[in-house]
Amino acid sequence: MKKNAELTNGKVDKEIWGFDILEANAYYSAVDNSINIIVGLLGEPFYYDGMSDEELMGGIGMVIGHEISHAFDTSGAQFDKDGNYAFWWTEEDYMAFMERAQKLIDHYNTLTVWEGQNVLGDNVQTEAIADIGGMKAMLTIAKGKDSFDYDKFFTSYAHIWAFIRTRETELQRIMQDPHPLPYMRTNVTVQQYQEFYDTYDIKEGDGMYLAPEERVSVW
Ligand SMILES: [Zn+2]
């Protein structure tokens, strides 16, 4: 904290890395419009030698799609291509964008984690937009591939969000973490895309079925 405080009003050092090099993480930075994959993330299950295309796309591919999508979430959308906090949209486009974002927030608000505990849609909007946008990017790539194994792709994606946590931690995350809970990053994201329903033959009445008109996707 002291070190950070000393940087206040000083000269900006663009060479500073604001994270530990071995962190298993990735991020988008609006101020320089960059995505950053920290080397610690480049191991299993995200990235490893001999991966199939499906595993690659379900792992590090989803991360890359997610981080790029952050440039166009409700926060990133407020910055221009040079990282300035500036409004670059047409009024009409921005209204349509915010309408879609609101539909997504409303949908997450309806999700129940356990009895009496709902997701706070406002909290998770930027990360949920990035997850759903990243999935759209990967599924668009998949369309152009011959005999793409969707089951392998979805399974690989589910592996990156396989977590075990206590209920207390989950509650703390619901309240404070901008990311949806890990199982929701898998389940709710895949529910928005027809490819998921086709792969597992999911029909109306099944637990993960979501009617087409209820599906949300900002991009
Ligand atoms: Zn994110």
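Look a little higher up for the structure.
Below or above, wherever it landed, is the structure these notes cover.

Parameters and conventions
- Residues numbered from 1 in each chain as written.
- Predicted model: local features only at pLDDT ≥ 70, side-chain atom pairs only at ≥ 80, totals over all residues.
- Heavy atoms only, no water.
- Helix = DSSP H or I, 4+ residues; strand = E, 2+ residues; numbered from the N terminus.
- Rg over C-alpha atoms; globule rule 2.2 N^0.38 Å.
- Buried < 20%, exposed > 50% of the residue type's maximum accessible area, 1.4 Å probe, protein only.
- Contact = heavy atoms within 4.5 Å.
- Areas by Shrake-Rupley, 256 points an atom, 1.4 Å probe, with all protein chains shown as cover.
- Lys, Arg positive; Asp, Glu negative; His and termini not counted.
- Charge placed at Lys NZ, Arg CZ, Asp CG, Glu CD.
- Donors = N, O, S within 2.8 Å, 3.2 Å for Na, K, Ca; no water.
- Core = buried A, V, L, I, M, F, W, Y, C linked by side-chain atoms within 4.5 Å.

**Observations concerning the overall build of the protein chain**
1) Next: A count of helices and strands for the protein chain gives eight helices and four strands.
2) Next: Here the C-alpha radius of gyration of the protein chain, 19 Å, is about what a compact globule of 219 residues would show, namely 17 Å.
3) Next: Overall size of the protein chain, expressed as C-alpha extent along the three principal axes, is 60 × 45 × 40 Å.
4) Next: Residues classed as buried in the protein chain amount to 42% of the 219 residues present.
5) Next: In the protein chain, of all internal contacts separated by at least 6 residues, the share reaching a separation of at least 24 is 60%.
6) Next: If you sum the accessible surface of the protein chain, you get close to 13,200 Å²; carbon and sulfur atoms cover 53% of it.
7) Next: On the protein chain, the mean spot of the 17 positive side-chain charges and the mean spot of the 37 negative ones are 3 Å from each other.

**Some points on the coordination of the zinc ion**
1) Next: Coordination of the zinc ion by the protein comes from H66 (NE2), H70 (NE2) and E127 (OE), over a distance range of 2.0 Å.
2) Next: Each donor residue of the zinc ion lies on one chain, and together they are spaced H-x3-H-x56-E. Separated by 61 residues along the polypeptide, H66 in helix 2 (residues 53-69) and E127 in helix 4 (residues 121-143) bring together distant segments of the chain.
3) Next: By relative accessible area, which is 6% here, H66 ends up buried.
4) Next: Given a relative accessible area of 9%, E127 falls into the buried group.

**Quick notes on the nonpolar core**
1) Next: By size, the foremost hydrophobic cluster in this structure holds 44 residues, and its most contacted members are L104, Y108, M135 and F153.
2) Next: For this core, the secondary-structure elements that each account for two or more residues are helix 2, helix 3 (91-109), strand 3 (112-114), helix 4, helix 5 (150-160), helix 7 (182-190) and helix 8 (194-200).

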